[in-house]
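Inside the fold
The chain contents come next:
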Amino acid sequence: MSLFIENLSVHHGAIHAVNNVSFKVEKGQLAALIGANGAGKTTLLRTLSGLNKATHGKAHWNETNLLHEKPEQLVRHGVSHVSEGKSVIPELTVKENLEIGALWRRNKKEMVVSLNEVVELFPRLGERLEQRADTLSGGERQMLALGRSLMSKPQLLLLDEPSLGLAPLVVEQIFQSIKDLTSSMGITVLLVEQNAMGALKIADIGIVLNLGSIAVTGDASALIADPQVRAAYLGY
Amino acid sequence: MFQLLNTFLIGITAGSIYSLMAISMVLVWRSTRVVNFAQAGLAMLSTYFGYEIIHRFDSYWIALPVAMIAGALVAAGIELIFMRLLLKHSSQGAIASIAPIIATLGLLGLIKSIIGYFWGNQDVIIESPLSNVGFTIGTQTLALSPMKTFIIAAVVFMVLVLTFIFQRTNLGLALRASAYAPEISRLAGIKVDLVRTVGWALAGAAGGAAGMLQTANGNGALSPDSLEFSLLLAFGFIAAVIGGLDSLIGAVIGALLLGLVLAFVLTYVGGSLVFITAFVLLLVVLLIRPGGLISQKAGRRA
């Protein structure tokens, strides 16, 4: 049970966005994928969820080959991708935004059960179920995106920059709930972040991408202590 | 006073048929971001299927649902076989925005030729199943006949059914989510491609109903070069744009507004100005409220 990536390369036209990347995330681990703008983090994540096509390499989640399925199929194999920046549908209500995460299960009863679970985790969403999603604050939207993902009962969560555009205090809350939720549910997480320090603090392992290639990888605590990583990515 | 009431009734009847056509344009636009000019051809083809059923079974009441089902199947087939291929091969560059429009115009011509090949270019007749003679009050004749009453009732029923599907069912939620945000919907596990096909099918059914009702409401004549269907397409499209092209309610409101304005111009100004009025109305709405009467502001783009 693990996320296993070997020699993965992705091209955007002539640009080699992801270059021969290999790493492994064990079940239940939280891995932080960090690096500067344009390092290929988002491209890598989009490839793992079927939105982008890989040039070559391997990517498996347990027995599922991540490179051969469409995103809507991968959800059925327990892989859920929350895309960059408060990925909610503003025209739909909070409740509808949550429900679309469970539509594929075609089971109204299970949907209601999941909805109640998510509302228990995020009481703020429960108070706003009938409101349109565009009336929510940035932090609430990120909770909603996370909640929608949980509605599909994921085993592997691919999170793209949940801290984007949020106030520092809110970022801390979001990181904390990501940590608490996924560890209590045994969900494996690959977290892409610009906020390297925040991500490494809650992560088990860290992977540093630079211009499409892996620069450093190791235990998150070791990376935080590493003077080179500190200087290049943590800013002090 | 009586003339005013009659003009109003004529406008409502015409407007309700336009609204079906406008709805079918909106449904396709929402699901694939394509303005489907072939919709008039699809509606016509469905109506010819209806004509075949009337010819064989002598019943408009069987023909109407059959035409709608045929419209749904043909539209779904076009989306599956033709549009998917087209959007895949021309999804980049300058051609991306224009190719689907040209393609649907080409399809319109193709469908008309196919109809001409199978049914000939002469008029065929679909008789109105109900009397189209207006009810009388005293010595006055109302512009509301049993047939027109049925048309209005049928359109109201169909709009209610569609509203129910969109607002209260899981399919409707999938249709709305896929229209607003295809990528997020995909990541949430919705089979967006399949949902698109369903959107086209619903549009095909609405178009088929519009064709059958329009033909029975007019003089009953049907031919590949029918002016009625060209007008249906033009007015349905204008109504959809007035309504914002993205909103089902907007399409209905736009169509009723257009039907009423045209009826009043026809009665009180003159028949030669009807077509001009339709386009002037379109331009005025676009100049004052470019997003249509029911525009959803900034949220749409997200």
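The structure reproduced in this document is the subject of the present report. (Residues numbered from 1 in each chain as written. Chains lettered and ligands numbered in written order. Predicted model: local features only at pLDDT ≥ 70, side-chain atom pairs only at ≥ 80, totals over all residues. Heavy atoms only, no water.)

Within chain B, the regular secondary structure consists of eleven helices and four strands. The buried share of chain B, taken over its 302 residues, is 55%. Roughly 13500 Å² of accessible area belongs to chain B as shown, and the carbon and sulfur atoms make up 70% of that amount. (Helix = DSSP H or I, 4+ residues; strand = E, 2+ residues; numbered from the N terminus. Buried < 20%, exposed > 50% of the residue type's maximum accessible area, 1.4 Å probe, protein only. Areas by Shrake-Rupley, 256 points an atom, 1.4 Å probe, with all protein chains shown as cover.)

Glancing now at the sheet that holds strand S2 (residues 15-26) of chain A. All names here are of chain A. Strand order across the open sheet formed by four strands is S2-S1-S4-S5, with antiparallel pairing between neighbours. Each edge of the sheet is formed by a strand with only one pairing partner; in this case those strands are S2 and strand S5 (64-65). Pairing of strand S1 (residues 2-12) with strand S4 (residues 56-61), which is carried by five bridges, proceeds in the antiparallel orientation. From the neighbouring strand, Leu3 faces S4, where its bridge partner is Trp61. (Pairing = 2+ DSSP bridges.)

Looking now at the interface of chain A and chain B. With 26 residues of chain A at the contact, the number on the chain B side is 21 residues. For the pair chain A and chain B, the two sides together bury roughly 2100 Å², of which 61% comes from carbon and sulfur. The three residues of chain A that bury the most area against chain B are Glu72, Glu91 and Leu103 of chain A, which together make up 27% of that side's buried surface. When contributions to the side of chain A that touches chain B are tallied by element, the ones reaching two or more residues are helix H2 (71-76), helix H3 (94-99) and helix H4 (108-121) of chain A. Of the residues assigned to the side of chain A that touches chain B, the class counts are eleven nonpolar, six polar and nine charged. (Contact = heavy atoms within 4.5 Å. Buried area = accessible area lost by both parts, 1.4 Å probe. Nonpolar A, V, L, I, M, F, W, Y, C, P; charged D, E, K, R; others polar.)

Moving on, we get to the packing of helix H1 (residues 2-32) of chain B against helix H2 (residues 39-57) of chain B. Residues and elements named next belong to chain B. Relative orientation of the contacting elements H1 and H2 amounts to 125 degrees, with a least axis distance of 11 Å. Here H2 runs oblique to H1, going by the angle between their axes. Relative to H2, H1 is oriented so that their crossing is right-handed. Contact residues: H1 offers Met21, Ser24, Met25 and Val28, while H2 offers Gln39, Ala40 and Ala43. (Axes fitted to C-alpha atoms, helices over the stretch in contact; angles between N-to-C directions. Parallel < 35°, antiparallel > 145°, perpendicular 65-115°, else oblique. Left-handed = near helix turned anticlockwise from the far one by under 90°.)

To continue, consider the side chain of Ser152 of chain A. Residue and element names in this part refer to chain A. Turning to its location among the elements, Ser152 is positioned in the loop between helix H6 (138-151) and strand S7 (156-160). At a separation of 2.7 Å, a polar atom in the side chain of Ser152 contacts the main-chain carbonyl oxygen of Ser149. The residues contacting Ser152, other than those within four sequence positions of it, are Val75, Ser80, Gly101, Trp104 and Arg105. (Polar contact = N/O pair within 3.5 Å; in protein donor to acceptor, adjacent residues only side chain to side chain.)

What follows is about a nonpolar patch on the surface. Residues and elements named next belong to chain B. On the surface, a cluster of nonpolar side chains totalling about 1100 Å² of accessible area is made up of Met1, Leu4, Tyr268, Val269, Leu273, Ile276, Val280, Val284, Leu287 and Ile288. Per-element tally for the nonpolar patch: the top contributor is helix H11 (residues 274-288), with five residues. Secondary-structure assignment places Val284 in helix H11. (Patch = residues over 30% accessible without salt bridge, like charges linked within 9 Å, V, L, I, M, F, W, Y side chains within 5 Å. Salt bridge = Lys/Arg side-chain N within 4 Å of Asp/Glu carboxyl O.)

A separate point is the pairing of strand S10 (residues 213-219) of chain A. Residues and elements named next belong to chain A. With six bridges connecting them, strand S9 (residues 205-210) and S10 associate as antiparallel partners. Pairing of Ile207 across the sheet is with Thr217, part of S10. The loop that links S9 with its antiparallel partner S10 comprises two residues; one of these, Leu211, has a positive phi angle of about 50 degrees.

For the rest of this paragraph, the subject is the packing of helix H3 (residues 60-89) of chain B against helix H5 (residues 146-168) of chain B. All names here are of chain B. One can describe the packing of H3 onto H5 by two numbers: an axis separation of 15 Å at closest approach and a directional angle of 35 degrees. Note on packing geometry: the crossing formed by H3 with H5 is right-handed. Of the residues in H5, those touching H3 at Tyr60, Trp61, Leu64 and Met68 are Met147, Phe150 and Met158. Looking at the contact of H3 with H5 residue by residue, the classes come out as seven nonpolar, no polar and no charged.

All names here are of chain A. Read from one edge to the other, the open sheet built from six strands follows the order S6-S7-S8-S3-S9-S10, with strand pairing classed as mixed. Whereas interior strands pair on both sides, the edge strands pair on one side only; in this sheet they are strand S6 (79-82) and S10. Across the sheet, the mean angle from the axis of one strand to that of its neighbour is 15 degrees, orientation sign disregarded.

On to the pattern of salt bridges, then. Under the counting rule described, the total for this entry stands at 16 salt bridges over all chains. Between Glu117 of chain A and Lys153 of chain A there is a salt bridge, and its shortest N-O distance comes to 4.0 Å. A residue pair is termed long-range when its members are at least 10 positions apart, and Glu117 of chain A in helix H4 and Lys153 of chain A in the loop between H6 and S7 qualify at 36 residues. Residue Glu117 of chain A is classed as partly exposed on the basis of its relative accessible area of 42%. Note that Asp246 of chain B and Arg33 of chain B form a salt bridge whose closest N and O atoms lie 3.5 Å from each other. Within this pair, whereas Asp246 of chain B is found in the loop between helix H9 (227-242) and helix H10 (248-268), its partner Arg33 of chain B is found in the loop between H1 and H2, the two being separated by 213 residues in sequence. The class of Asp246 of chain B is buried, set by a relative accessible area of 14%. Beyond isolated ion pairs, a larger network of salt bridges with shared partners links Lys70 and Glu72 of chain A together with Arg186 and Asp193 of chain B.

All we've got here are geometric facts, nothing functional implied.
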